[in-house]
Amino acid sequence: MAASGELSPSKILDTTNAQESTIEPPLTTPQDTQINEPNDNVAPTEKRKRDDPDGNTNTDDNRSLHPLWKTSLCSYFRKHATCSHGDTCRYAHSEEELRPRPDSTWDPTSERGKKALKSVTGEKIAVKDGVMMTELIDGDGGDEGFASNQALIKCLVHLPMKWSSENLRNFLTEQGIPFKHAKTKKGMAIGFVTFEDEEQLKSSCKDLEGKQIGNKTIEVADVNPRSFEKKSNSSVPSKGALDDEPNDDSLVIDGSESKKRSSREVVTPLAHLSYADQLEQKKYSLMQILKKLPRNARKACPNGVPVPEWILKSREIGGLPCNLEGIIESPIVNGYRNKCEFSIGYSMEGKATVGFSLGNFREGVTAVEEPVNCPNISTIACKYAAIFQEFLQHTELPVWNRFKNCGFWRQLTVREGRSNGNTIDAETFDGIAEVMLIVQVSTASFDNVQVAAEFKRLAQAFVTGATSHCPTLPLTALIVQDHQGISNVAPSDAPLHSLPIAAGDPERDESISAADVRIHDYISNLRFSISPTSFFQVNTLAAEKLYSLAGDWACLGPDTLLFDICCGTGAIGLTLAHRVGMVIGIEMNGAAVSDAHKNAENNGIKNCRFICSKAEQVMGSLLKEYLNVPKEQVDDPNTCGTVNDIPEDSACPEPENGNQASHSENNNSEVENEVPKESTSENGKTSTQQFKNVVAIVDPPRAGLHPTVIKALRTHTRLRRLVYISCNPESLVANAIELCTPSPTEIERGNKDNRGWRRMSSAGLARHRAKSMPISEAFKPIKAMAVDLFPHTPHCELVMLLER
C-alpha cells in the first residue's frame, strides 16, 4: 500500500476548473417527483447557439460528451424561460434535447419520467406512499373506538411535529370537518382520523385534501390493516407481548408501495452506480453546497467594509469559495465499516428483525429489514446480526416499541478491530483480529432474575454462533448498555455491563469492568484502543489518507503547537505528533479521552496532552495559556518568536526527520503524556512554553463547532491556520461564514432582525452570528478536498484549509 501521505493522481478527481466541469446533478428517485415539479407554464425553446471564432456553430455533436451529458432539464431555464449560460450550459432545455441516463431512466421532472413513473405506480405519486408503520398505534390513549372499523380511518400526513391530539381535533372542528375520533403521535408529522360512515369519510377527505397548515400541504393517506399472524416458527413471540395486545392491530400506511423498499436502497442509495459515478455525484453535491459560502458571506459583509477578494474571485471558479481539488478514493469500497449499528424492530411481515429502519420515524416509518446486500456492511457484522435475530425469535423479553417507548431489546452494535498492516478478506475474515458486541437494552420494569437469565442465554447464543461458523467468527467482548431514553442514541454515561463469554482466552477475568474493555485497530502503524462508546472512524484505511492530508495542509514543523479539537481517541493528534512540537487534544467524552491517553502511552508518544471537556469551555483559556508571550520575552532571542515573526505567506516549513525526533525527545520528560508547560530562561524567570507556528485541526460532529469555539478561534491573533474536517459540509459552510466574514467597524448592539431564528437555515443563522462577532481578522478559504470514507452513500468527508 502506498504511503498514507501520498495522493496518487489516479485516486483524485481533478476539479480545479469548476466552470468546465460536466457534472450531473444527483440522480433522483421516482419518489422525488412530487418534490421537483416542473413549471408547466414555461414553453420549451431552442437553446441559444454560440459561434466560435472560426465561424462554426458549437453543437453537442462536435464535443466530447460526458456519460451524464444532458440527462437533466435545466432548472434555471424552467423557472425563467431562458438560460444565460448559452452553449456552455450542461443541461437540456427541452424534452427533445433530454437524453436517457446511464441506467436507462429519465429525469423524473420530465414528461417521459412522469409517464414512466405513472406506469409503475398506477398514477399514485405521493410522498405518503413511503410511510410504513408496523407497531401498535392504538389502544393506549383511551379512544376505545379508534380502531373499531379500520376501513373508516385515514392518515393525515405533513402535520406540524408539535401537534397534540387536541390540536388536531381543534383544527378539524375549525375547518368544519366531521369526525368520530382523531389523534396524533408525539414526535411524528402524522395523525389518524376515524369517521362515522363512508359518506362522511368521502366528503371529509375531499375537504381535507390540499388544506394548508403554515407552508405545508396536508395529504390524506390510506391506512391498510396488516395482520401479524402467529407462524409455526413463532416469528412474533406472543409471550411477553407489550400490554398483552394482539399484533393484528398493527397498521401499515400504503404498504403496497413500501414493500418495494429495501435496506440496500435506504442504507446505500448509490450502490446501483459505479464507483466512478458515485464520486462524480458527490463532487457535484459538494460544489453546490460550497457555493453557499461566498453567497452568504457576501450578504453578511457589514456596510462600509470592502468585500473580501476571495468572494470577488469566486465568480472566476464557478461560484466556489476556493478550488475543490478533487476526491480521494477509499482504498476499500465494499465491507469497509468497522462499526455497524443495527436497529431492532419488526419487519413488514411482523417478524422480530435485526437490521436497518426503512425510513424516518418522524414520518411514521418503523419497519426494520435485515441488512441484505448492503455493500458497506462487513460480513462479520451481518453474521452477528443474523445470530442475534435468531435469538430474538425465542426470547421471553419484548422488542422495543418506539410508539409506546417500552420494551427491552433495542439495538446491536458490532465493532471490529483489524490487525496491523493486513487487508481484510470478507470470506475468511483475515485481517479482523477482534470484535466487540454491544447490545442496548432497557431494563426498567423488568425482573432482575429474568433479565440475568436472558443475558446468560444471549452470551451462550453468541458464543455458539461464533464457534459453529466456519471459519470461526472472532469474538473479544460482549457488552450490555442500559438505556432508558426515547431515542437509541444513548448518553456517554449510560451504564455498561460486561457479560462473560466462554470463548477466547481461558484466563480472561469474567468480572472485568465494561469500562476497561477495549478492542484495537491501527492507523499509520499506530495501535489505538477503542472503548465501547468512543468515536473512531468507520473506514480505517481511508482515515489514514484523511489524516495525512490534514497534516500536509496544516504545514507542521518542530516549532508547531497543534490543537486537535474534538479529538476523540486522539487519532489525528497522535498520527501527527512526530511532526510537531506539541499536541493538545480536546474531547468531551471521558472514555475517549481515557483511550487517547492509553493510545499515547502504548505508542510511546509523550508530546501530547488530552483534556476532557467541552471545547467551548476550555478553548479560550488554552489559547491564552500556551500562546500569550510576556512583554519581557518579546525581544528575547531565547523565545520561539511572537506573532510578528510569522511570515505573511505562512509558508510551510520543510521538516526533517532528525529535527523532529530531537525536538520531540526534548519534550518527553513529563508523565501522563504531557509536554512540560513551563520553561526557564537564562535570567531564572519561569514562563509558559511558546511556539512559533500555531495550527488547529477541527473534526466536529455533524452539528459543527459551537459558536463559542468559533469565537475563540477567530479572535486569537496567533492562530493563523485552521484545517476543518467535516462529515457534514452544510455545517462546515455555516461555520466558515462566521470565520471568514469581515468584522464591522462597530459591533451592532441589540438583536435586530433575529426573530424566527428557529426557522432559519444554518447559513442564515451563521450570517446573524457573524454580525455580532468581535472585531478580528477574518480567515479566508484557501483550498478544499474531499475524502470518500463512505462509498455507496451520499456522504463523504470534506477538508478545507482556512488561513489569514
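Residues numbered from 1 in each chain as written. Predicted model: local features only at pLDDT ≥ 70, side-chain atom pairs only at ≥ 80, totals over all residues. Heavy atoms only, no water.

**Examining the nonpolar core**
In a soluble, globular protein the nonpolar side chains are often hidden away together inside.
Reasoning step 1: Counting residues in hydrophobic clusters, the biggest one holds 59 residues, and the most contacted among them are Phe563, Met619 and Leu713.
Reasoning step 2: If you look at the next biggest cluster of nonpolar residues, it comprises 51 residues, including Ile328, Phe536, Leu562 and Ala571. (Core = buried A, V, L, I, M, F, W, Y, C linked by side-chain atoms within 4.5 Å. Buried < 20%, exposed > 50% of the residue type's maximum accessible area, 1.4 Å probe, protein only.)

**Quick look at the sheet that holds strand 12 (residues 409-418)**
Reasoning step 1: The strand order across the open sheet formed by seven strands is 11-10-9-12-13-14-15, and the pairing between neighbours is mixed. Across the chains shown, the open sheet's two edge strands, defined by having one partner strand only, are strand 11 (368-369) and strand 15 (496-499).
Reasoning step 2: Where strand 12 lies against strand 13 (residues 432-441), nine bridges are found, and the strand directions are antiparallel. Its bridge partner lying in strand 13, glutamate 416 is registered against valine 435. (Pairing = 2+ DSSP bridges. Helix = DSSP H or I, 4+ residues; strand = E, 2+ residues; numbered from the N terminus.)

**Observations concerning the pattern of salt bridges**
Reasoning step 1: Scanning all chains against the criterion turns up 14 salt bridges.
Reasoning step 2: Between glutamate 309 and lysine 313 there is a salt bridge, and its shortest N-O distance comes to 2.9 Å.
Reasoning step 3: Beyond isolated ion pairs, a larger network of salt bridges with shared partners links Arg418, Asp521 and Glu544. (Salt bridge = Lys/Arg side-chain N within 4 Å of Asp/Glu carboxyl O.)

**Some thoughts on unusual backbone geometry**
Reasoning step 1: Note that the residue after cysteine 470, namely proline 471, is joined by a cis bond; omega there is 0 degrees.
Reasoning step 2: Its identity as a non-glycine residue notwithstanding, cysteine 555 has a phi of 55 degrees, on the positive side.
Reasoning step 3: One can find cysteine 555 in the loop between helix 12 (540-554) and strand 18 (560-565).

**A closer look at the sheet that holds strand 19 (residues 582-587)**
Reasoning step 1: If you walk across this open sheet you meet the eight strands as 8-25-26-24-23-18-19-20, and the pairing is mixed. Sheet topology places strand 8 (323-328) and strand 20 (608-612) at the edges, where each strand pairs with a single neighbour. The average undirected angle you get between the axes of adjacent strands in this sheet is 15 degrees.
Reasoning step 2: Note: strand 25 (residues 780-787) against strand 26 (residues 797-803), seven bridges, orientation antiparallel. Of the residues in strand 26, the one forming a bridge with alanine 784 is methionine 800. (Axes fitted to C-alpha atoms, helices over the stretch in contact; angles between N-to-C directions.)

**Here we look at the pairing of strand 25**
Reasoning step 1: Across four bridges, strand 8 lies against strand 25 in parallel orientation. Its bridge partner lying in strand 25, leucine 324 is registered against alanine 784.

**What to know about the confidence of the model for the protein chain**
Reasoning step 1: Per-residue confidence for the protein chain averages 75 on the pLDDT scale, and 69% of its residues sit at or above 70.
Reasoning step 2: A low-confidence stretch, residues 1-64 stays under pLDDT 50, and its non-local contacts, those more than four residues away or across chains, total 130 contacts.
Reasoning step 3: Every residue in residues 225-259 is under pLDDT 50, and counting partners more than four places away or in other chains gives 88 contacts. (pLDDT = per-residue confidence, 0-100. Contact = heavy atoms within 4.5 Å.)

**Describing a negative patch on the surface**
Reasoning step 1: Negative charge collects at one region of the surface, where Glu196, Asp197, Glu198 and Glu199 lie side by side.
Reasoning step 2: With respect to the helices and strands, glutamate 196 occurs in the loop between strand 3 (190-194) and helix 4 (198-208).
Reasoning step 3: Using a relative accessible area of 47% as the deciding quantity, one classes glutamate 196 as partly exposed. (Patch = residues over 30% accessible without salt bridge, like charges linked within 9 Å, V, L, I, M, F, W, Y side chains within 5 Å. Areas by Shrake-Rupley, 256 points an atom, 1.4 Å probe, with all protein chains shown as cover. Lys, Arg positive; Asp, Glu negative; His and termini not counted. Charge placed at Lys NZ, Arg CZ, Asp CG, Glu CD.)

**What to know about the packing of helix 10 (residues 379-392) against helix 11 (residues 448-468)**
Reasoning step 1: Where helix 10 contacts helix 11, the axes come no closer than 10 Å and their chain directions differ by 140 degrees. By the angle between their axes, helix 10 is oblique relative to helix 11. The handedness of the crossing between helix 10 and helix 11 comes out as right-handed. In this structure, helix 10 uses Tyr384, Ile387, Phe388 and Phe391 to contact helix 11, whose residues at the interface are Glu454, Arg457, Leu458, Ala461, Phe462, Gly465 and Ala466.
Reasoning step 2: By residue class, the composition of the contact of helix 10 with helix 11 is eight nonpolar, one polar and two charged. (Parallel < 35°, antiparallel > 145°, perpendicular 65-115°, else oblique. Left-handed = near helix turned anticlockwise from the far one by under 90°. Nonpolar A, V, L, I, M, F, W, Y, C, P; charged D, E, K, R; others polar.)

**Considerations on the state of the cysteines**
Reasoning step 1: Scanning all chains against the criterion turns up zero disulfides.
Reasoning step 2: Free cysteine cysteine 374: the closest other cysteine sulfur is in cysteine 382, separated by 6.9 Å. (Disulfide = S-S within 2.5 Å.)

**Overview of helix 7 (residues 275-290)**
Reasoning step 1: Its 16 residues give helix 7 an end-to-end C-alpha distance of 22 Å, which sits within 8% of 22 Å, the value for a rise of 1.5 Å per residue.
Reasoning step 2: The buried fraction of helix 7 is high, at twelve of 16 residues.
Reasoning step 3: Next to the buried residues of helix 7 lie helix 8 (292-300), strand 8, helix 18 (729-740), strand 25 and strand 26. (Expected span 1.5 Å × (residues − 1).)

**Notes on the environment of serine 529**
Reasoning step 1: As for its placement among the helices and strands, serine 529 is situated in strand 17 (residues 526-530).
Reasoning step 2: With relative accessibility at 3%, the residue serine 529 sits in the buried group.
Reasoning step 3: Between the C-alpha atoms of serine 529 and isoleucine 519, which are ten residues apart in sequence, the distance is 5.8 Å.
Reasoning step 4: Excluding residues within four positions of it along the chain, serine 529 makes contact with Arg518, Ile519, His520, Thr569, Asp595, Asn599 and Asn602.
Reasoning step 5: A distance of 3.3 Å separates polar atoms of two side chains, one belonging to serine 529 and the other to histidine 520. (Polar contact = N/O pair within 3.5 Å; in protein donor to acceptor, adjacent residues only side chain to side chain.)

**A look at the packing of aromatic side chains**
Reasoning step 1: Within this structure, the stated rule accounts for eleven aromatic pairs.
Reasoning step 2: Relative to tryptophan 409, the ring of phenylalanine 388 lies with its centre 5.7 Å away and its plane at 80 degrees, an arrangement referred to as edge-to-face. With a gap of 21 residues between them, phenylalanine 388 in helix 10 and tryptophan 409 in strand 12 connect regions that are remote in the sequence. Residues phenylalanine 388 and tryptophan 409 agree in their burial class; the two are buried.
Reasoning step 3: Counting every residue linked through ring pairs, the aromatic cluster contains Tyr384, Phe388, Phe391, Phe408, Trp409, Phe446, Phe455 and Phe462.
Reasoning step 4: If you follow arginine 410 out to its NZ or CZ, it ends over the ring of tryptophan 400, 3.9 Å from the centre. (Phe/Tyr/Trp six-rings, centres within 6.5 Å; stacked < 30°, edge-to-face > 60°. Lys NZ or Arg CZ within 6 Å of the ring centre and 35° of its normal.)

**A short note on helix 12**
Structurally, the α-helix is built with 3.6 residues per turn, so residues lying three or four positions apart point the same way.
Reasoning step 1: Across its 15 residues, helix 12 extends 21 Å between first and last C-alpha, which sits within 8% of the 21 Å expected from 1.5 Å per residue.
Reasoning step 2: In terms of burial, helix 12 is a largely internal element, 14 of the 15 residues being buried.
Reasoning step 3: Cysteine 555 sits one or two residues past helix 12 and shows a positive phi near 55 degrees.

**Brief notes about the pairing of strand 18**
Side-chain direction in a regular strand flips from residue to residue, so the side chains alternate between the two faces of the sheet.
Reasoning step 1: Burial analysis of strand 18 places six of its six residues in the buried class, the great majority of the element.
Reasoning step 2: Side chains Thr560, Leu562 and Asp564 of strand 18 all project onto a buried face; the interleaved residues Leu561, Phe563 and Ile565 project onto the opposite face, where all are buried too.
Reasoning step 3: Inspection of the sheet shows strand 18 paired to strand 19 by five bridges, in the parallel sense. By the bridge assignment for strand 19, aspartate 564 is matched with glycine 585.
Reasoning step 4: For the crossover that starts at strand 18, traverses helix 13 (residues 571-576) and ends in the parallel strand 19, the hand is right-handed. (Right-handed = clockwise from strand over helix to strand, strands pointing away.)

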